[in-house]
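# Analysis of the macromolecular model
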Amino acid sequence: MTLEEAEIAILDLYCERAQIKDGQSVLDLGCGLGALTLHTAQKYRNCHVAGVTNSMEQMDYIEKQRKLLQLSNVDIVLADITIHEMVVTFDRIMVVGLLVPIDEDDWYTEYVFPAGSFIIPSASFLLNFQSLTKKFVIIINGTIHN
């Protein structure tokens, strides 16, 4: 398997685990350079896919790729997710690799599950994180999958 094939396979796996269906609205929170955002938009042409990044350079790169791939179903939001409030809801929200760069001890509890309640506006939520010391964890609709 080539590196490109492996990347496509993991992006497909994220979409499968998030149970994405064509026609849904999808949010990629902390989208980075847009690999998952663009992949989802290409694979599910009737989905509306929004990506959130705090980097103008990342947003510009994704916009260039979006135009190159002729994707009209992608929107990129430039925002600080620790203070940004979404005004729309989504059928699926994917958070892949976002928690590693956030430099706050309890960001997860404070912003994702404050006071133990789930507030992210989505019918389903995929959270994927890993580090050198923690194992791979995915949460879908509150169920932990290792």
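Reading guide: rules and limits
- Residues numbered from 1 in each chain as written.
- Predicted model: local features only at pLDDT ≥ 70, side-chain atom pairs only at ≥ 80, totals over all residues.
- Heavy atoms only, no water.
- Core = buried A, V, L, I, M, F, W, Y, C linked by side-chain atoms within 4.5 Å.
- Buried < 20%, exposed > 50% of the residue type's maximum accessible area, 1.4 Å probe, protein only.
- Helix = DSSP H or I, 4+ residues; strand = E, 2+ residues; numbered from the N terminus.
- Contact = heavy atoms within 4.5 Å.
- Pairing = 2+ DSSP bridges.
- Right-handed = clockwise from strand over helix to strand, strands pointing away.

Core analysis: the largest hydrophobic core is formed by 20 residues, its most contacted members being Ile20, Val26, Leu36, Cys47 and Met94. Where this core is concerned, the elements lending two or more residues are α1 (3-17), α2 (35-43), α3 (56-68), β3 (74-78) and β4 (90-96). Ignoring anything within four residues of it in the chain, the contact list for Ile20 reads Cys15, Val26, Thr40, Tyr44, Cys47, Arg92 and Met94.

A word on α2. Where α2 is concerned, the buried positions are Leu36, Thr37, Leu38, His39, Thr40 and Ala41. Packed against the buried residues of α2 are α1, β1 (25-29), β2 (48-53), α3, β3 and β4.

What follows concerns the pairing of β2. Within β2, five of the six residues are buried, leaving the element largely enclosed by the surrounding structure. Here β1 pairs with β2 via five bridges, running parallel. Within β2, the residue paired with Asp28 across the bridge is Gly51. Running through α2, the crossover from β1 to the neighbouring parallel element β2 is right-handed. Judged from the five bridges that link them, β2 and β3 form a sheet pairing that is parallel. Bridge assignment links Thr53 to a residue of β3, and that residue is Leu78.

What follows concerns the environment of Met59. Tracing the backbone shows Met59 in helix α3. Sequence spacing of Met59 and Asp75 is 16 residues, and the spatial spacing of their C-alpha atoms is 9.7 Å. In this view, Met59 contacts Thr53, Ile76 and Leu78; residues no more than four positions away in its chain are not counted.

Topologically, His39 is positioned in helix α2. In this structure His39 comes out as buried when scored by relative accessible area, which is 13%.

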